[in-house]
Structure formats: structure tokens, C-alpha cells
Amino acid sequence: MKKYFSIYSYTLVLLFFTSNLFAQTPSTSLELQGKQTLKGISSERLERIDQMLDQTLSANQVPGLVALIVKDGKIVYHEAKGLADVPSGTKMAKDQIFRIASQSKAITSSAVMMLWEEGKFKLDDPISKYIPEFANPQILSGFRYGDSSYSTKPSPREITIRHLLTHTSGLGYGMIDGNEQMKMIYQKAGIVDLFTTEPVKIADNIKKLAKLPLHHEPGSKYTYSLGLDVMGYFVEIISGMPFDEFLQTRIFDPIGMKNTGFYLNEAQGKKLVTIHRKIDNQWESFPVTFYNPDYPKTGAKTFFSGGAGLSSTAEDYAKFLQMYLNGGVYNGTRLLSPSTITAIMSNQVGDLLGNGGKDYGLAFGLVDENGVAQGGIGSLGTFDWGGYFNTQYFADPVTNTIGILMKQTQGGTGDESAWKFRQMVFSAIE
């Protein structure tokens, strides 16, 4: 019943996209709307959000943040608060650059779908058609903790491109995988799953990954994975371009994302926010652990992780999201067609996420009927995701609203601003 109702309800939302949002003039850039001319959102309730964020800092829950709200293509709130670097006392600025980690995934998925529009492949093609190392996948069936050796059984089906886009491929996620056995297997194989300063290239990494066992049969479960890293390499194969170059020339440059990329130049590096952790209620720079926090501006700069590697600003990412709200076009440049947006915003995983209020499309998490009923997370079809260092975004196609909250922290901080920000943004819409 949920699946049938979901399809019907999503159809209504997508009809709203095509009949309402596309009828607007979506080619203009984001503009700052004056407080005295605000339409569709309460200035008093925006002030309430501002006060909540101030309280978050005064309670020492975060050292600094940047928040951005866009309504109907216009910036209605954009504030920087606190410090970008506590040891030096550097104040946060609106154009500060943040490691967006898993917010990279939607950008990678968009690149894949741009190539799909060119007729380069079908979504249900086996990935082994393009990356032969993925042929004859195996599923983990036994594990020995003493030496990390394991046994496998053949998978009854191959991994498809759709599986990789939707985290249903059965691949794992190494250091952040929920299965200790898969963590050990990936570590022993030398898989680079997140951030590195070493001279690693995605082709070498993905070819090693392809030989490792799967959690489960592709398409049978939702398991957060390195699927979008595979897709980054896939983009290189299909386009004949390095992945970073494809994103720069086909997405970032056309829509004006001037401070988004895998690696930063010297000027951009000075804008990179420090990752902080709280020790004895004091903020300090996060140390080198299994990764170097300075990875966006130091090291070999050769690893283009489609799942976690990008850095960006709040305003840059808002341009990307506004492109989706505009039906695939921004600043006079069309990246995706309306029909492709419809596919991307459709539930692609059935009931695999359960009834927790979210479904998953080809690039984003999607608020479903249960999510609407819970309240505070947006209208039906609101799309969202977040990042490892506590960045978040959401975009509501019904109210044409974007919310972005950028922070850079690790470990427990007592921070509750994420859920408060989202709930209060939707409560401010009139």
C-alpha cells in the first residue's frame, strides 16, 4: 500500500514541478532579497532562527557556522557566525569554504545523469559492461577474524548503474561501514574510502574495490556505500575526461560555483574552515587520524572521490540546489531536462528504507508521506542530504525553499542546531 500511495503522491509533486516551477523564469542567479520586500516567508520568524543560531554558539555547541535560506530563487537569510578557526581567532565569513563530504554525492549523480541524457548508457546496464573488474560479483559468506580471510558465494545478479546510484549495490564503505568484517576486508585490501593526501587515483582504487565481496545481493537492501566513488570513475570512462575536469567544465563553471572543487588553490585554501572537536568544553583543531584534515589543500591532490571529496560554500551549493528547483536550469544554462528531474526525484528503492519518513531517488533522500506527517522536515518530495563534518541541506519543491547549514565539527558537541534549523525554516514559510 505504501509503495502504491507513494507513487501517486510523488506524481502530484512532480506535476507541480512541471506545471508551476518550470513556468517561472529560472535562468536568473540567486539574489539577495531585502527584508522590507520579503514575500512568502516571515521576517519575524527568520529573526527567531537567527536567535536560535546565536544561542547555539553561546551554548558552545559549535565554534562557528554559516546559514543560508533561499525562497523563490532569492536569498532571504545569509549569515556567518562565530569562528572559522578557534586557535587563531579567525572570524567566520559568508564565503567560507567547507568540506562537504557526502554532499558530493548529489553532484556526482547529476554528472552521471547528464551523460545518461546523451544516450551513453542505460541505468540498468551492469557496471561490468564499463568496468570489467566488477564481473561475477561475490557475496561475503564467511569471515575469520584472526587473519581477515573470508569466503564468498556467487551473487545471483550483477551490480547495475542504478544500484550504485541508490546504495543498493551491496558495496561497503570501509572506515565508516557498519559491519566490522567489511571494515577489516577493505582495510586489508588498501581501499581508500574517504579523504587522502596520498597519490591515489580513483581508477586504481575502484579496480581493487571491484574484487571485494558484497554485503548482499545487489538490489535486495539499502547499504550506504562507495557506489558514488565508482560512479566518479564511471564518469571518467564514459566522458573520456578526468572526473574533476568534467565537474568543472560541465557543472561548476556553467552555473557559477566558483569555490567548489576537490582541491583548493592558495587563496581558496585560506578560506577553508578548520575542523574542530571539543575537549573539556574547549574547541581545538581536529588532529590527523585516518585522514589529514588539510586534505583539500595539501598532499598529492590526485584522488577525486565522487562520494566525499568536494569542498564548497553555502552559496555555491545553493546554486546547485536551485538548478534542481528550476527544473534543471540555472543562470541560462540547462544541465538536466525536466523528465530527468522527474526520474531523479522518484522513489528508486521501494520499501528498502522502511517507514521512517524518507525514500531515496537517484541523487537525494526524499521526504515521503510519513515524513510529511511527522512534521518539520518539509513538503512531500523535499530532497536532502548532509556531510560527515556536519553540513546539511534541504530543498522543498512545493514551497520553493532551500536551507543550508554549514559547520565543521567532529565528535560529540551537544549540537542541536541541525533539526532546529530545518524545523524552524519550514515554520517560517507563509
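Here, the structure is the one placed above.
One structure accompanies this document, and this report is about it.

### With respect to the overall build of the protein
Looking only at helices and strands, the protein features 13 helices and 17 strands. The C-alpha extent of the protein, read off along each of the three principal axes, is 65 × 50 × 40 Å. When the 430 residues of the protein are sorted by exposure, 57% land in the buried category. Pairs at least 24 residues apart make up 69% of the contacts formed inside the protein by residues separated by at least 6 positions.

### Comments concerning a nonpolar patch on the surface
Taken together, Met 175, Ile 176 and Phe 290 make up a surface patch of nonpolar side chains, about 240 Å² in accessible area. On the secondary structure map, Met 175 appears in the loop between helix 4 (161-165) and helix 5 (180-189).

### Overview of the side chain of Ser 311
Positionally, Ser 311 belongs in strand 10 (residues 311-312). Taking the relative accessible area as the measure of exposure, Ser 311 reaches 0% and is therefore buried. Apart from residues no more than four positions distant in its own chain, Ser 311 is found in contact with Ile 97, Phe 98, Arg 99, Ile 100, Asn 259, Thr 260, Gly 261, Leu 264, Leu 272 and Pro 296.

### Digging into helix 2 (residues 43-58)
Between its first and last C-alpha, helix 2 extends 23 Å over 16 residues, near the 22 Å set by a 1.5 Å rise per residue. Elements that come into contact with the buried residues of helix 2 comprise strand 2 (64-71), strand 3 (74-85), strand 17 (401-406) and helix 13 (417-428). Just past helix 2, the residue Asn 60 takes up positive phi, approximately 65°.

### Re the nonpolar core
If you look at the biggest cluster of nonpolar residues, it comprises 98 residues, and the most contacted ones within it are Tyr 324 and Phe 364. Ranked by residue count, the leading element in this core is helix 10 (residues 314-325), at eight residues. Core analysis: the next-biggest nonpolar cluster, separate from the first, contains 20 residues, Met 52, Ile 69, Phe 394 and Ala 428 among them.

### Describing the packing of aromatic side chains
Considering all chains together, one arrives at 28 aromatic pairs under this definition. When the centroid spacing of 5.9 Å and the interplanar angle of 50° are considered together, the rings of Phe 195 and Tyr 388 count as tilted. In this pair, Phe 195 is assigned in the loop between helix 5 and helix 6 (202-209) and Tyr 388 in the loop between strand 15 (383-387) and strand 16 (391-396), connecting sequence segments 193 residues apart. Tyr 388 sits in the partly exposed class, given a relative accessible area of 28%.

### Let's talk about the pattern of salt bridges
Counted according to the given criterion, the structure contains 13 salt bridges. Here Asp 54 ties to Lys 81 by a salt bridge, and the two come within 2.8 Å at their closest N and O atoms. One end of the pair, Asp 54, is in helix 2; the other, Lys 81, is in strand 3, and 27 residues separate them in sequence. A relative accessible area of 38% means that Asp 54 is categorised as partly exposed. Assessed through its relative accessible area of 10%, Lys 81 is described here as buried. With a shortest N-O distance of 2.8 Å, Arg 162 and Asp 124 are connected by a salt bridge. Of this pair, Arg 162 sits in helix 4 while Asp 124 sits in the loop between helix 3 (104-117) and strand 6 (138-144); the two residues are 38 residues apart in sequence, bridging distant segments of the chain. Here Asp 124 falls in the partly exposed class, since its relative accessible area comes to 47%.

### Points about helix 7 (residues 227-239)
The terminal C-alpha atoms of helix 7 lie 18 Å apart, and with 13 residues this matches the ideal 18 Å at 1.5 Å per residue to within 8%. Counting buried positions over the 13 residues of helix 7 gives 11, a clear majority of the element. Next to the buried residues of helix 7 lie helix 3, helix 4, helix 6 and helix 8 (243-255). The positive-phi residue at the C-terminal boundary of helix 7 is Gly 240, with phi of around 75°.

### Points about unusual backbone geometry
Despite not being glycine, Asn 331 has its phi angle at roughly 55°, a positive value. As for its position among the elements, Asn 331 is in the loop between strand 11 (329-330) and strand 12 (333-334). Phi at Asn 400 is positive, roughly 55°, even though this residue is not glycine. Its location among the elements puts Asn 400 in the loop between strand 16 and strand 17. Overall, the relative accessible area of 3% leaves Asn 400 in the buried class.

### Some remarks on the packing of helix 3 against helix 7
Remark: helix 3 packs on helix 7, axes separated minimally by 10 Å, with the N-to-C direction vectors making an angle of 35°. For helix 3 against helix 7, the interelement crossing comes out left-handed. Listed contacts from helix 7 to Lys 105, Thr 108, Ser 109, Ala 111, Val 112 and Leu 115 of helix 3 are Leu 228, Met 231, Gly 232, Phe 234, Val 235, Ile 238 and Ser 239. Considered class by class, the residues forming the contact of helix 3 with helix 7 number eight nonpolar, four polar and one charged.

The rules we used
- Along each chain, numbering runs from 1 in the same order as the chain's sequence is written.
- The predicted origin of the model limits local features to residues at a pLDDT of at least 70 and limits the giving and counting of side-chain atom pairs to 80 or more, whereas totals for whole chains, interfaces and linings rest on all residues.
- Note that the side-chain values use all heavy atoms of the structure and ignore hydrogens as well as water.
- The helix and strand labels rest on DSSP assignments: H or I over at least four residues marks a helix, E over at least two residues marks a strand, and numbering proceeds from the N terminus.
- Burial classes: relative accessible area under 20% of the type maximum marks a residue as buried, over 50% as exposed, and values in between as partly exposed (1.4 Å probe, protein chains only).
- Any two residues having at least one pair of non-hydrogen atoms within 4.5 Å are treated as being in contact.
- Residues qualify for a patch when their relative accessible area is over 30% and they have no salt bridge, like charges being joined within 9 Å and the nonpolar side chains of Val, Leu, Ile, Met, Phe, Trp and Tyr within 5 Å.
- Note on areas: these come from Shrake-Rupley sampling with a 1.4 Å probe, and a residue is covered only by the protein chains present in the view.
- Every case where a carboxyl oxygen of Asp or Glu lies within 4 Å of a side-chain nitrogen of Lys or Arg is listed as a salt bridge.
- Expected helix span is computed as 1.5 Å times (number of residues minus one).
- Grouping buried Ala, Val, Leu, Ile, Met, Phe, Trp, Tyr and Cys residues that are joined through side-chain atoms within 4.5 Å yields what is termed a nonpolar core.
- Between rings of Phe, Tyr and Trp, where Trp is taken as its six-membered ring, a pair exists when centres lie within 6.5 Å; planes separated by under 30 degrees are stacked, by over 60 edge-to-face, and by other angles tilted.
- Fitted lines through C-alpha atoms give the axes, limited to the stretch in contact for helices. The angle between two N-to-C directions lies from 0 to 180 degrees.
- By convention, the crossing between two helices is left-handed when the near helix turns anticlockwise from the far helix through less than a right angle, and right-handed when the turn is clockwise.
- The classification used treats Ala, Val, Leu, Ile, Met, Phe, Trp, Tyr, Cys and Pro as nonpolar, Asp, Glu, Lys and Arg as charged, and all other residues, Gly among them, as polar.

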